[in-house]
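Read off the chains here:
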Amino acid sequence: MIPAAFEYHAPASLADAVKLLGQHGDEAKILSGGQSLIPLMKLRLATPRHVVDINGIAGLDYLKEEDGVLRIGALVREADLEDSEFIRARYPLLHDTSRVVADPLVRNLATVCGNLAHADPANDHPAAMLALGAEVVATGPRGERRIAITSFFTGPFATALRGDEVLTEVRVPVPLPRSGGAYLKLERKVGDFATAAVAVQVALDPAGTCVHAGVGLTNAGTVPIKARRAEGFLRGKPLDDATVRRAGELAAEEADPVDDVRGSAAYKRDLVRVLTARALRLAAGRAGAGR
Amino acid sequence: MMRVQLTVNGERHEVEVEPRLLLVHLLRDVLRLTGTHIGCDTTHCGACTVLLEDRPVKSCTVFAVQANGKRLMTVEGLERNGTLHPIQEGFVQEHGLQCGYCTPGMMMTSYAFLKRTPNPSEDEIRHAISGNLCRCTGYVNIVKAVQYAAARLQEGGA
Ligand SMILES: Cc1cc2nc3c(=O)[nH]c(=O)nc-3n(C[C@H](O)[C@H](O)[C@H](O)COP(=O)(O)OP(=O)(O)OC[C@H]3O[C@@H](n4cnc5c(N)ncnc54)[C@H](O)[C@@H]3O)c2cc1C
Ligand code: FES
Ligand code: FES
């Protein structure tokens, strides 16, 4: 399959990229990992006249903790997260997520920022970032602005980014003491998008009471969902069996899935219930293990 | 048209391409390196796997212009002076292929994997090759082929 013809730009700086986006407006698309954009172009579901490849911009591939924030630059690949011992130990939710995005070959190119910018409700990182309470940085002609992840996803495949902005960084607050997270996804086979998936991040006090909870849902609606009622219910409670089960029921009520080839709405809703409870047990165990 | 310089299996090439040309077509149709296969053409099967700066990627989902200035390796780069690479030997010895369609991609993924993980567990091998689909073998002999290659490479086979 051959994509429609386009003009290729490989800016060497962020400023040049932003300028190109400003010049070409709706006719331009950013290319990062290309693992969503190129398949869409081959199917001619996307026919940008200008492709702005940001891979040649130096200094966008950092992955580091600084001033209480984990900063993930625009060119950090899924494989970088998956392979990082530091991420595995300190951000198990991100490690879990990166291991189940697509397949190992796609992960060598696909970026975390591209996963958010693409805003497919079936993408895995949006739910993880909702659970973690992340923030994204958009860089445009007037500099940088920060957008809370809760106001980033505005519709299916739509975000708060403007046409002349590059998503340059995701910022994840460093975990509280005694934190744990987990991502559980049901996929029909390796490389498939989620039938449904659940991201959770919890923090416990020394007595084991939940002091913070984040719950995000993948492919459980037309946008990634933050299960706020489940989160509120968990705070102030020990994460015992009855509590995690009830949180699962609440998350299932907050889900708003649609039927698709991967499953019926009813099936997905029930998956959310089961996966939420399981993910909470796993996250609580990890939090207890001093993660 | 755009001018692209790249190194494939140690050899430098300079070609003029349309930006929409996919890397797999540059390799197969322009450079005539037809060892790299096209299976699904929809980013699902991994038959088109090549190494881009040492990382296995699906060459049907990369534009040739993105490889400008980059180092690539294809299945043709495995054999040296008529001697099979241990990964190739492994596929022969362990019957790691039937129709052979997936084999070039499978070997490129395994080659890159063994460089990073010289002494892998079976689970690690299965995880590593999970982006390469095989419709014939059931994977058991592919795993054995990778284990064979790991052992040979550990003895200093290549
Ligand atoms: C076979 C297959 C299976 C997959 N399975 C999964 C899966 O299970 N889960 C999952 O989450 N994803 C999956 N994906 C999608 C994959 O993870 C994508 O690569 C990812 O969603 C997009 O990241 P990218 O870096 O490749 O973005 P690109 O493809 O380069 O871009 C995607 C879109 O985002 C825009 N964009 C990219 N980067 C930026 C940026 N920095 N700033 C602003 N806009 C930007 C682009 O303009 C484009 O519109 C799969 C893909 C394939 C091919
Ligand atoms: S041909 Fe490239 S993934 Fe199938
Ligand atoms: S040997 Fe036939 S597809 Fe793998």
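Residues numbered from 1 in each chain as written. Chains lettered and ligands numbered in written order. Predicted model: local features only at pLDDT ≥ 70, side-chain atom pairs only at ≥ 80, totals over all residues. Heavy atoms only, no water.

K.L.:
Would you mind going over the interface of chain B and chain A with me for this structure?
P.N.:
Contacts between the two partners involve 28 residues from chain B and, on the opposite side, 31 residues from chain A. Of the roughly 2,400 Å² buried between chain B and chain A on both sides combined, carbon and sulfur atoms contribute 60%. A per-residue breakdown of the area chain B buries against chain A is headed by R20, R55 and F63 of chain B, which together make up 25% of the total. Where chain B meets chain A, there are four salt bridges. D83 of chain A is the salt-bridge partner of R116 of chain B, the closest N and O atoms lying 2.9 Å from each other. Across the contact surface, chain B and chain A share twelve residue pairs in polar contact (both at pLDDT 80 or more). Counting only elements with at least two residues in the side of chain B that touches chain A, the list comes to β4 (55-58), α3 (103-116) and α4 (122-128) of chain B. Examining the composition of the side of chain B that touches chain A, we find that four residues originate from one element, β4 of chain B, more than from any other. (Contact = heavy atoms within 4.5 Å. Buried area = accessible area lost by both parts, 1.4 Å probe. Salt bridge = Lys/Arg side-chain N within 4 Å of Asp/Glu carboxyl O. Polar contact = N/O pair within 3.5 Å; in protein donor to acceptor, adjacent residues only side chain to side chain. Helix = DSSP H or I, 4+ residues; strand = E, 2+ residues; numbered from the N terminus.)

K.L.:
Looking at this structure, I do not really get the domain arrangement of chain B. What am I missing?
P.N.:
As a measure of interface size, the accessible area lost when the parts come together is often cited. All names here are of chain B. Domain boundaries in chain B define domain 1 (2-77) and domain 2 (86-154). For domain 1 versus domain 2, the separation of C-alpha centres amounts to 21 Å. Counting residues at the interface gives 16 residues for domain 1, matched by 13 residues for domain 2. Counting the surface lost from both domain 1 and domain 2, the interface buries some 1,100 Å², and carbon and sulfur atoms represent 66% of this. Interface area lost by domain 1 to domain 2 is led by H37, T49 and V75, which between them contribute 37%. The interface formed by domain 1 and domain 2 contains zero salt bridges. Inspection of the domain 1/domain 2 interface yields five residue pairs in polar contact (both at pLDDT 80 or more). (Domains from an automatic or database assignment.)

K.L.:
What should I look at first to understand the sheet that holds strand β1 (residues 2-8) of chain B in this one?
P.N.:
What holds strands together in a sheet is hydrogen bonding between their backbones, with the strands either parallel or antiparallel. Residue and element names in this part refer to chain B. The strand order across the open sheet built from five strands is β2-β1-β5-β3-β4, with neighbouring strands paired in mixed fashion. Of all the strands in the sheet, just β2 (11-17) and β4 have a single pairing partner and so form its edges. Across the sheet, the mean angle from the axis of one strand to that of its neighbour is 40°, orientation sign disregarded. Lying over the sheet, helix α1 (residues 23-30) contacts β1, β2, β3 (49-52) and β5 (70-73), oriented at roughly 105° with respect to β2. The sheet strands contacting α3 are β3, β4 and β5, and the helix crosses β3 at an angle near 35°. (Pairing = 2+ DSSP bridges. Axes fitted to C-alpha atoms, helices over the stretch in contact; angles between N-to-C directions.)

K.L.:
Is there a simple way to explain the packing of helix α5 (residues 92-100) of chain A against helix α8 (residues 125-132) of chain A in this structure?
P.N.:
Two quantities define a packed helix pair, namely the angle between the axes and the distance from one axis to the other. Residue and element names in this part refer to chain A. With their axes 10 Å apart at the nearest point, α5 and α8 run at an angle of 175° to one another. With respect to their mutual orientation, α5 and α8 come out roughly antiparallel. Between α5 and α8, the contacting residues are L93, L94, T97 and S98 on the first element and H125, A128, M129, A131 and L132 on the second. Grouping the amino acids of the contact of α5 with α8 by side-chain chemistry returns six nonpolar, three polar and no charged. (Parallel < 35°, antiparallel > 145°, perpendicular 65-115°, else oblique. Nonpolar A, V, L, I, M, F, W, Y, C, P; charged D, E, K, R; others polar.)

K.L.:
Explain the environment of D54 of chain B here, please?
P.N.:
All names here are of chain B. Mapped onto the elements, D54 comes out in the loop between β3 and β4. Between the alpha carbons of D54 and A112 there is a distance of 6.6 Å; along the sequence they are 58 residues apart. Apart from residues no more than four positions distant in its own chain, D54 is found in contact with R71 and A112. Of the polar contacts made by the side chain of D54, one reaches the side chain of R71; its length is 3.0 Å.

K.L.:
Could you clarify how one ought to interpret the pattern of salt bridges in this entry?
P.N.:
Pairs can form between side chains of opposite charge whenever their charged atoms are close. Residues and elements named next belong to chain A. Applying the stated criterion across every chain, the model contains 36 salt bridges over all chains. Its salt-bridge partner being E169, residue R71 comes within 2.9 Å of it at the nearest N-O pair. Taken together, the residues R71 in strand β5 (residues 69-73) and E169 in strand β10 (residues 166-173) connect sequence positions 98 residues apart. Residue classification places R71 among the buried residues on the basis of a relative accessible area of 19%. When the shortest N-O distance is used, the salt bridge between D192 and R188 registers 2.6 Å. For R188, a relative accessible area of 51% corresponds to the exposed category. Salt bridges here are not isolated pairs; linked through shared partners, they connect K64, E66, R71, E135, R146, E169 and R171. (Buried < 20%, exposed > 50% of the residue type's maximum accessible area, 1.4 Å probe, protein only.)

K.L.:
Help me understand the pairing of strand β4 (residues 63-66) of chain A, please; the structure alone is not making it clear to me.
P.N.:
On a regular strand, one side chain projects to one face of the sheet and the next to the other, so that they alternate. All names here are of chain A. Note that β4 and β5 share four bridges and pair antiparallel. Pairing of E66 across the sheet is with V69, part of β5. Between β4 and β5, which pair antiparallel in sequence order, lie two residues; one of them, D67, sits at a positive phi of approximately 45°.

K.L.:
Got a minute to help me understand the packing of aromatic side chains in this structure?
P.N.:
Aromatic ring pairs are described here by two measures, namely the spacing of the ring centres and the angle between the planes. Residues and elements named next belong to chain A. Under the criterion given, the structure shown has three aromatic pairs over all chains. Ring geometry for F152 against F153: centres 5.1 Å apart, planes inclined by 80°, an arrangement best described as edge-to-face. With respect to class, F152 is no different from F153; both count as buried. In this structure, K64 is placed above the aromatic ring of Y62, and the distance from its NZ or CZ to the ring centre is 5.1 Å. Directly above the ring of F233 sits K237, whose terminal nitrogen or CZ lies 4.0 Å from the centroid. (Phe/Tyr/Trp six-rings, centres within 6.5 Å; stacked < 30°, edge-to-face > 60°. Lys NZ or Arg CZ within 6 Å of the ring centre and 35° of its normal.)

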